[in-house]
Amino acid sequence: TNKVDKIPKYQKYQTLHYSANACLLPLCQLHGAAVITVEGIGSTKTRIHPVQERIAKAHGSQCGFCTPGMVMSMYALLRNKPQPTMEDITQALAGNLCRCTGYRPIVDGCRTFCQVQSSALHFSACYSASLPSHYALQEKPQLFDKDDFLPLDPTQELIFPPELIMANPQTLTFCGERMTWVSPTSLEELVQLKTSNPKAPLVMGNTNIGPDMRFKGVQHPLIISPTRVTELFEVTQTPQGVCLGAGCSLSEVRSLLEKLVPQLPEEKTELFKALIQQLGNLGSQQIRNVASLGGNIMSAYPNSDLNPILAAGNSKVSVISSGGRREVPLNQDFFVSFGKTILKPEEILVSVFIPFSRKGEFVRAFRQAPRKESSFATVTTGMRVFFSEGSRVVQDISIYYGGMGPTTVSAAKTCAAIVARPWDDETLSRAYDILLDELALPPSAPGGKVEFRRSLTLSFLFKFNLEVLQKLREMVGLNELPEKMQIKPLPREIQRSLQEFQKQIVKYFLLIQHVSKGQSNQDPVGRPIMHRSAISQATGEAVYCDDIPKTDGELFLALVTSSRAHAKITGLDVSEALQLPGVVDVITSKDIPGKKVQIIVFDVRSVIISVDVCSQVSCIGQMVCAVVADTRAHAKRGAAAVKISYEDLPDPVFTIEEAVEKSSFFEPLRMIERGNVTEAFKSVDQVYEGEMRMGGQEHFYMETQSMLVVPVGEETEFNVYVSTQWPTLTQVHRDTWTPAVTLDIPSNRVTCHVKRIGGAFGGKVTKTSILASITSVAAWKTNHAVRCVLERGEDMLITGGRHPILGKYKVGFMNDGRIVAADIQYFTNAGNTVDESVLVVEKILLHMDNTYNIPNLRGRAAACRTNLPSNTAFRGFGVPQSIMVVENMVNDVAVVLGRPPDQVREINMYKGLSVTHYKFEFSPENMLRCWEECKAKSDYSARRRAIDQFNQQSRWKKRGMSLIPIKYGIAFAESFLNQAAALVHIYKDGSVLVNHGGTEMGQGIHTKIQQVASRELHIPPSKIYISETSTNTVPNTCPSAASFGTDANGMAVKNACQTLYQRLEPLRQKDPKGSWESWVRAAFFEKISLSATGFHRGPDLYMDWDKMEGQPYAYYTFGACCCEVELDCLTGDYRVRTDIVVDIGRSLNPSVDIGQIEGAFMQGLGLYTLEELKFSPSGLLYTRGPSQYKIPAVCDMPLQFNVYLLSDSHNPHAIYSSKGIGEPVLFLGSSVFFAIKDAVAAARSESGLVGPFSLDSPATPERACLACASRFTQKIPDSKPGSFKPRALNI
Ligand SMILES: Cc1cc2nc3c(=O)[nH]c(=O)nc-3n(C[C@H](O)[C@H](O)[C@H](O)COP(=O)(O)OP(=O)(O)OC[C@H]3O[C@@H](n4cnc5c(N)ncnc54)[C@H](O)[C@@H]3O)c2cc1C
Ligand code: FES
């Protein structure tokens, strides 16, 4: 996000400040505008801006990759409104994504700009006198101190540069390599241009044309930009309505209408209000700031939010061409087909007339989207009905839908069935049937979700019906009609369905631990120290891989990937690519001087394929070769010009079921059993069998895979700058596919440098090393520096993600709730290579007990080999899938027994000194404390009762609640990975440089390590610096993964610092009054080494799969989470409240740890309720960007989000009694899933459906709504499986 300032003529030369997405802003469009980026508003060299400071100090920056965008969205808001409301803030941030923080701290930092911080909102991270005694603190631990903040002084902001204030009446023309851009200044000239170039698009906001050019390769030789034609921005009011210039941005339209509404009689503003509502949900602020009204209409999107409501409201457009002006009604004839209207190509839309509504006219708009905000609607609608005064007989009605076909559609037959009839149940129930028929979709319709979309059309009409009934009752009066015609008040249980969900304003409470009494004020351990790079991240100074300046002669690498899932390559023609400007070379496997195979863990297979070996491709997105060119654009063009011919091979395998049928597995399959499951089933009261399917997840790290390989010049030496969690794997690792091995050179010639990573979540281990190998071959062959940075779509296509899973279980239990036996089978969809899939499978089995002591427990697990892109490590490494199946099983047991799930959970929990199914002894005491505390803090029992009462009184909104525990094993079962090393230098001036093997990816490891070094050396953190992670300072590193980074590296740094501190001891004794600097100086002169290595030999963990026993973890992190949801059963939309208690031992840094907890929870919420990967029937990933794949945004934050760190917890197995926290809480996001399931169960009981039911994960609005089995969803006829080709695979 950047901020743009413009002084347009149509705004009478007043400065307009607005935020905009840089990726969609054409440079030519910015002629005469001032663009301010994050670097422009403040810097550490001059003065940081209050927004930068507050987001950083409120701990709103973790990996920092999203931070500049957040800062600029907030900055743009403050330029327009220095004292914003919370609603302004959440709106301003709605279009910015963060994958690390969970948003709460970002909002919290921004909240400090609100003048009125209502007490309801102002839950600071503080101690509360009413808390139990063990929380009584000697000091008030706050996560940040507001009083420290710089004040915001709007008079000090940058002014619009006077040199840009110039009238530029001439036509502007910019000519590029393949395109010309013309910007006329008058309507006349515009008409002429369009007449002679009817195919040239008119680019206003570029939000339709831009993505097509950027992502679909659409080329336009001529672009006309009418943004300086003032006639397109004129606004006039007539007695019938308002006429808005087609060029007005959607933000301008919204604020114009918002200004008009209070000035007009209420009855005139029905359409305006419906439009305002749609505009509030359309896209994001950044999109609305640039997207034009005319552009939205002319784009004729099937799911445009404006077109249905404009059409239902009888709007008209005025168009001009060389043939003159004409007015065209926006009705069913206007939208012809996908992206097409009836206007002629040379016609220009000048203005849109929006009429006032009349007395007796009601207009409403509804929409349902995959995510509440910043998401195109699944279905959207505009509805208008007109009654003459005192009558409930419909005089006129129009209903339009978006998302129900290739373009906006009119429900004309439905309207015909309603018009001239009284608005009552009889008319409406006929209307539902006609609507269902009229807007039928074939089962494989583009866009999928067919049943859901059809049910939404009915739900929206039903909602409209309820609102109209309310209004009619007010309008017609109670007793004016004969009894039969009277309108009864809506029953209370229905009225609740009309209530809007609460606005997204988050309340929260954080409970952190206090440091011990005797701890010195200087010792930072246990204190909420800000992420050490947060300020640089907020000012844009932080350097990520792709920020490294271009070196002389540097080349860019673009990948060519397979477009077939299972085929033989029969030809590869690179000749055309090599002819293109800038293209230097095409890299194939023939160019690899070293090993051409990849051995990540168990499997052997080639990475770069070439035709000479008649190679096979085994998934769409598999890397075939790579093009290197002088620029990114040229490399991309070159890659697009490479021609590959294929011969398809029979029977690709995509789904788990297909893999199971063909026994397509990666060996070894794993099994574990304790007790005697088969025997135990014979003695139980009841047996239940069920299954659970769970989709995968895209890492969606904000920084895509990025690397730069620089040949150093002599003796085949390379510097690799790379965004990886495991520098050593990217340098060399046994037989792996890494630069050194690929190039057949020793590891001492390759140095990997990792400054920071813009998010990783497990996705930057194996995949990064493969990409770095290919880039290294290119650098070696060309002898130039080569950069490779994947685009989002490529990254999603190529690199895989979390394993989807199918879990099948048989469970035996007693009528008192005790689970006696369980037999669980797990099948993961691993994709086309094994990667780490067998290790994932093992972790799945090791966590299948979660917190339950099931005496007879059997687990079998397999990694299915399929023709999909290979999946890999992802935060939690199989655990979120494993426990999900188990918790679903426990839930089913509760439903079968008719008991609350939390009781069944409690009955089966480990108690006292316990032994897991792999014979590992542990104490569940803190696990039970988390559970009990979560129950108490969330006021579980009272709220449960309130929920039951609410559900009795509400028909279409239902509430649900769940309480979910977790026990998560920390460290690597592969013992050799439990080690770490460090190298600490003290320089003569007393400054300290710490090197260790962990990588900083937002989890705050460098901040915590700085705290450790500070404590051990007894110096303030400001004297300690961590520059990067590199293989030439600390060799043979282990991955920053398994929530073990700080445990291992913290101990290694502690060890090195203790050595150094000891060395200085004689000098301290000699000069006890001296300073750190004086002792260091003296040490130098006394020839004492001021550099030391440190090492941590971690626990000897193991797992013996033959004996089915082991000690695979050092210890457990425990937690519990309670979520409550309110679900709109008609649409599947919901709101959440969350309480989490986590045992993280003694927190090294509560702000960092809470950041990890909140961020992991939100990523879990995404996994279990929102994020859906969709593949085409031929194995192509459809969801390759943020518009198709939705990760949680600000709007998804729980409305109340409380986090409590368990007090009085100690852990002898990790540094300073802390615990690993990166991964465990992700699973607790499933609490939202189970709360939704609980609410769905309440809805189903209204339809007489009781007992267990299946709800797959993620519980998207679609799944939740359909599972409610309402009378509307039940109307949708089932499509017979096998009678059609589904649009997407059920992998
Ligand atoms: C991330 C994102 C989210 C979005 N979410 C939503 C959403 O939730 N709901 C929704 O309805 N829309 C959504 N949109 C679509 C967005 O509203 C439209 O792309 C936008 O309104 C188009 O306007 P524009 O000025 O950017 O058009 P441009 O891209 O500049 O032009 C689009 C087309 O309109 C034509 N055109 C523009 N002006 C005129 C004119 N005056 N006369 C004749 N032809 C003209 C152009 O020739 C071109 O073909 C979203 C878009 C993005 C990128
Ligand atoms: S801090 Fe937001 S994406 Fe990492």
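Residues numbered from 1 in each chain as written. Chains lettered and ligands numbered in written order. Predicted model: local features only at pLDDT ≥ 70, side-chain atom pairs only at ≥ 80, totals over all residues. Heavy atoms only, no water.

Using the following cut-off: UniProt positions are given in the numbering used here, feature names are shortened, and annotations may be inferred rather than shown by experiment.
Naming follows an unreviewed UniProt entry, where the chain appears as Aldehyde oxidase 1 of Lates calcarifer. According to the UniProt record, the Sequence similarities (unreviewed entry) comment for the chain is "Belongs to the xanthine dehydrogenase family."

1. So, the overall build of the chain
Threshold: Starting at the N terminus, helices and strands are each numbered in turn, a helix being any DSSP run of H or I of at least four residues and a strand any DSSP run of E of at least two. Radius of gyration here is computed from C-alpha atoms only, and the compact-globule reference equals 2.2 Å multiplied by the residue count raised to the power 0.38. Think of it in three bands: residues with accessible area under 20% of the maximum for their type are buried, residues over 50% are exposed, and the middle band is partly exposed, with areas taken using a 1.4 Å probe on protein chains only. Any two residues whose heavy atoms approach within 4.5 Å are treated as being in contact. Throughout, the Shrake-Rupley method with a 1.4 Å probe supplies accessible areas, and for residues the shown protein chains are the sole cover considered. Charged residues are defined here as Lys and Arg on the positive side and Asp and Glu on the negative side; His and the ends of the chain fall outside this count. In plain terms, the charge of a residue is placed at NZ if it is Lys, CZ if Arg, CG if Asp and CD if Glu.
Each helix and strand counted, the chain has 36 helices and 48 strands in total. Against the globule reference of 33 Å for 1291 residues, the chain gives a C-alpha radius of gyration of 31 Å, in line with a compact fold. Principal-axis analysis of the C-alpha atoms gives the chain an extent of 95 × 80 × 70 Å. Of all 1291 residues assigned to the chain, the portion counted as buried reaches 63%. Of the contacts made within the chain by residues no fewer than 6 positions apart, 78% connect residues no fewer than 24 positions apart. Total accessible area on the chain stands at roughly 46800 Å², and carbon and sulfur atoms take up 51% of it. Each charge class in the chain can be summarised by its mean position, and for the 134 positive and 129 negative side chains these summaries are 2 Å apart.

2. Structural notes on the side chain of Asp 823
To keep things clear, this is the line we draw: N or O atoms within 3.5 Å of each other form a polar contact, as long as, within protein, one can give a hydrogen and the other can take it, and as long as residues adjacent in sequence are counted only when both atoms are side-chain atoms.
With respect to the element layout, Asp 823 can be found in strand S34 (residues 819–831). Side chain to side chain, Asp 823 and Arg 860 meet in a polar contact 3.0 Å long. With residues near it in sequence (within four places) discarded, Asp 823 still touches Val 677, Phe 681, Lys 808, Tyr 809, Lys 810, Arg 858 and Arg 860.

3. Some remarks on the site of ligand 1
Rules: Note on definitions. A residue lies near a molecule or strand when any single heavy atom of the residue is within 4 Å of it.
Near ligand 1 lie 29 residues; those nearest to it are Met 204, Gly 205, Thr 207, Ser 292 and Asp 305. Tyr 301 is positioned with one of its side-chain polar atoms (N or O) 2.8 Å from an oxygen atom of ligand 1. Between ligand 1 and Arg 367, the relevant distance is 3.1 Å, taken from an oxygen atom to a side-chain nitrogen or oxygen of the residue. Out of a free accessible area of 970 Å², ligand 1 has 90% covered by protein chains.

4. Digging into helix H27 (residues 879–897)
Spelled out, the test is: What a helix is expected to span follows from its residue count: subtract one and scale by 1.5 Å.
Compared with the 27 Å implied by 1.5 Å per residue over 19 residues, the 27 Å span of H27 between its first and last C-alpha is a close match. Of all 19 residues making up H27, 17 are buried, and the element is well covered by its neighbours. With its phi angle positive at about 70 degrees, Gly 898 sits one or two positions after the end of H27.

5. Topic: empty space enclosed by the protein
Rules: Using a 1 Å grid laid over the protein atoms alone, points where a 1.4 Å probe fits but cannot get out form a cavity; open sets with protein on both sides within 12 Å along at least 5 of 7 lines form a pocket; any residue with an atom within 4 Å of a point counts as lining. Grid points are joined across faces, edges and corners, and a volume is the space filled by probe spheres set on the points. Any residue that is not Ala, Val, Leu, Ile, Met, Phe, Trp, Tyr, Cys, Pro, Asp, Glu, Lys or Arg is counted as polar, Gly included; the first ten are nonpolar and the last four charged.
Enumeration according to the criterion identifies eight cavities of 30 Å³ or more in this entry. Here the second largest cavity defines a volume of roughly 150 Å³. Contributing elements (two or more residues each) for the lining of the second largest cavity: helix H25 (792–798) and S34. Residues of the lining of the second largest cavity, tallied by class, amount to nine nonpolar, eight polar and two charged.

6. Some details on the nonpolar core
Cut-off, in case you're wondering: Working definition of a nonpolar core: buried Ala, Val, Leu, Ile, Met, Phe, Trp, Tyr and Cys residues. They are joined through side-chain atoms within 4.5 Å.
By size, the foremost hydrophobic cluster in this structure holds 242 residues, and its most contacted members are Tyr 826 and Phe 1161. Residue contributions to this core peak at ten residues, all from H27. Ignoring sequence-local partners within four residues, the contact set of Tyr 826 consists of Ile 805, Leu 806, Ile 844, Leu 845, Met 848, Arg 860, Ala 861, Ala 862, Gln 881, Ser 882, Val 885 and Val 886. Grouped together as the second largest cluster of nonpolar side chains are 44 residues, Phe 362, Leu 441, Phe 460 and Leu 472 included.

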